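Working through the structure, step by step
One-letter residues, chain by chain:
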Amino acid sequence: MYRPWPKRFRREHTILCLLAITTACGGGDRDAPSSTRVDSAGVTIVTSMRSAFGEREARIDSVPVLRIGAEAAGPYQFSFVSTALLLEGGAIAVVELSAMEIRLFDAAGQHVRSVGRSGRGPGEFQVITGLFRKSNDSLAAYDQAQRRVTILPLKSGELRTVRTEAVAEGRGNFDAFGAFGDGRLVLYNPGSGFRPDLTPGLQWVESEIVALDPTDGSTRIVGRLPSRQQFILDGGDTKMLAPAHDAIRAAANNGFYWGTSDRYEIRFFDTEGTLRRILRRPVESRPVLPAMTEQWIAENLERVRQREGEAAVSRYQQLYDDASFADRLPLFQSAFVDGNERLWVGSSEWPEQQAASRVWSIFETNGAWLGDVAAPAQLRIVDSRDDLVLGIWQVDGEAPYVHVHRLLRP
């Protein structure tokens, strides 16, 4: 629950029968299972008690096998990399948001070509909010501002732009978070800060989940799920919440993952929106301490001071005084499905402190928890394939790099 900060600063299914026990873990009691699998009215519940790796930890090699960026000019210079993909054979696709370009590099890090620019015409973008594997020979870029998809052939052929049905129907400001194996993109509505349609109070706001066919732009609703917590005031305005509790989401070939950050329960739905699997871990969220809240406020006010000047600080201070702060930290903050269909779940980074690392939990395609891996705080992991990890290396005040590191598994 959320509490005001002082002025000074379903379980839906009944378990029916035990079906199987997965891989035994290493270390300690070798006969103890790492996870249990239970069928509940057609839904498989996978509860992971411990890592399948056992007591041995996976880690990311500190020395990158490939490093791209920071040249004086040209396609090797980055300013704001929003995301990237690790393609088959080791090639890399990078979204450089400041130039509104998608840059392709080979496995050796050599620039192959760039596509896109800022604009509203064919092959141009306003905001590239997602880049996904549509097939083995093409990528799909989603422009949330224009609400359209651009198909990028990797080998030959012309760019193709598709406008979505969701725009014509006016169903909201949808954004894409992945693609199914059949090429359809998966969208959700991030929501609005003004909700006069909702009852006042703290609640999880639901979002429609939409499957978009990029061949003709047609869309179909495949679900409705809780997307983020909001505190609705009388009249529809919303109150600031910190740390924000949102849902993580990630698309796989045969469905998508969805999990709210208030409990360690991640649900897997098939491409038609039917619940197929629930991933659980007996993990409790950490409490939000007063020092964390004070740090968060101080860091935000310092940013305001640097960007807008001292005169703006009091206005933001009032906003934080009126905000509500959670009792518990979010259990996770982000997720993606890698090139091997493994699910990566990133831990919460609130408040934005200078931690030495960020922890990612990796799950196998059957839902079992493989283990955790700690990434340097400067490395924002965005993709993985086999034993390679792709990330954006960013140090404050410096240009970003695109890194490929080796994942060292026990």
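First things first, this report covers the structure right here in the doc. (Residues numbered from 1 in each chain as written. Predicted model: local features only at pLDDT ≥ 70, side-chain atom pairs only at ≥ 80, totals over all residues. Heavy atoms only, no water.)

Moving on: helix α2 (residues 290-308). Here α2 contains 19 residues, and its C-alpha end-to-end distance of 27 Å stays within 8% of the 27 Å for a straight helix at 1.5 Å per residue. Listing the buried residues of α2 in full gives Met292, Thr293, Trp296, Ile297, Glu299, Asn300, Leu301 and Val304. Within two residues after α2, Gly309 carries a phi angle of roughly 95°, on the positive side. (Helix = DSSP H or I, 4+ residues; strand = E, 2+ residues; numbered from the N terminus. Expected span 1.5 Å × (residues − 1). Buried < 20%, exposed > 50% of the residue type's maximum accessible area, 1.4 Å probe, protein only.)

With that settled, the discussion passes to the nonpolar core. Counting 18 residues, the largest nonpolar core has Phe177, Val186, Ile209, Leu225, Phe256, Trp258 and Phe269 as the members making the most contacts within it. Looking at this core, the elements with two or more residues in it are β4 (43-48), β16 (185-188), β17 (201-212), β18 (219-232), β21 (247-252), β22 (255-260) and β24 (275-280). If we skip the residues at most four places from it in the chain, Ile209 touches Phe177, Val186, Leu187, Tyr188, Arg220, Ile221, Val222, Gly223, Arg224, Leu225, Phe256 and Trp258. (Core = buried A, V, L, I, M, F, W, Y, C linked by side-chain atoms within 4.5 Å. Contact = heavy atoms within 4.5 Å.)

Moving on, we come to the side chain of Ser384. Looking at where Ser384 falls in the secondary structure, it is placed in strand β30 (residues 379-385). A polar atom in the side chain of Ser384 sits 2.8 Å from the backbone oxygen of Leu388. Ser384 has contacts with Leu86, Phe336, Asp338, Gly339, Arg342, Trp344 and Val389, leaving out every residue within four places of it along the chain. (Polar contact = N/O pair within 3.5 Å; in protein donor to acceptor, adjacent residues only side chain to side chain.)

What follows deals with the pattern of salt bridges. This structure, assessed with the given rule, holds 18 salt bridges. Notably, a salt bridge pairs Arg220 with Glu272, separated by 2.0 Å at the nearest N-O pair. Remark: Glu272 occurs in the loop between β23 (265-270) and β24 and Arg220 occurs in strand β18; sequence separation between them is 52 residues. Residue Arg220 is classed as partly exposed on the basis of its relative accessible area, which comes to 40%. Two residues, Arg406 and Asp387, come together in a salt bridge whose shortest N-O distance is 3.3 Å. Taken together, the residues span a long stretch of sequence, with Arg406 in strand β32 (residues 401-408) and Asp387 in the loop between β30 and β31 (388-393) at a distance of 19 residues. According to the relative accessible area criterion, Asp387 is partly exposed, its value standing at 31%. Each of Asp182, Arg184, Arg220 and Glu272 takes part in salt bridges that share partners, so that together they form one network. (Salt bridge = Lys/Arg side-chain N within 4 Å of Asp/Glu carboxyl O.)

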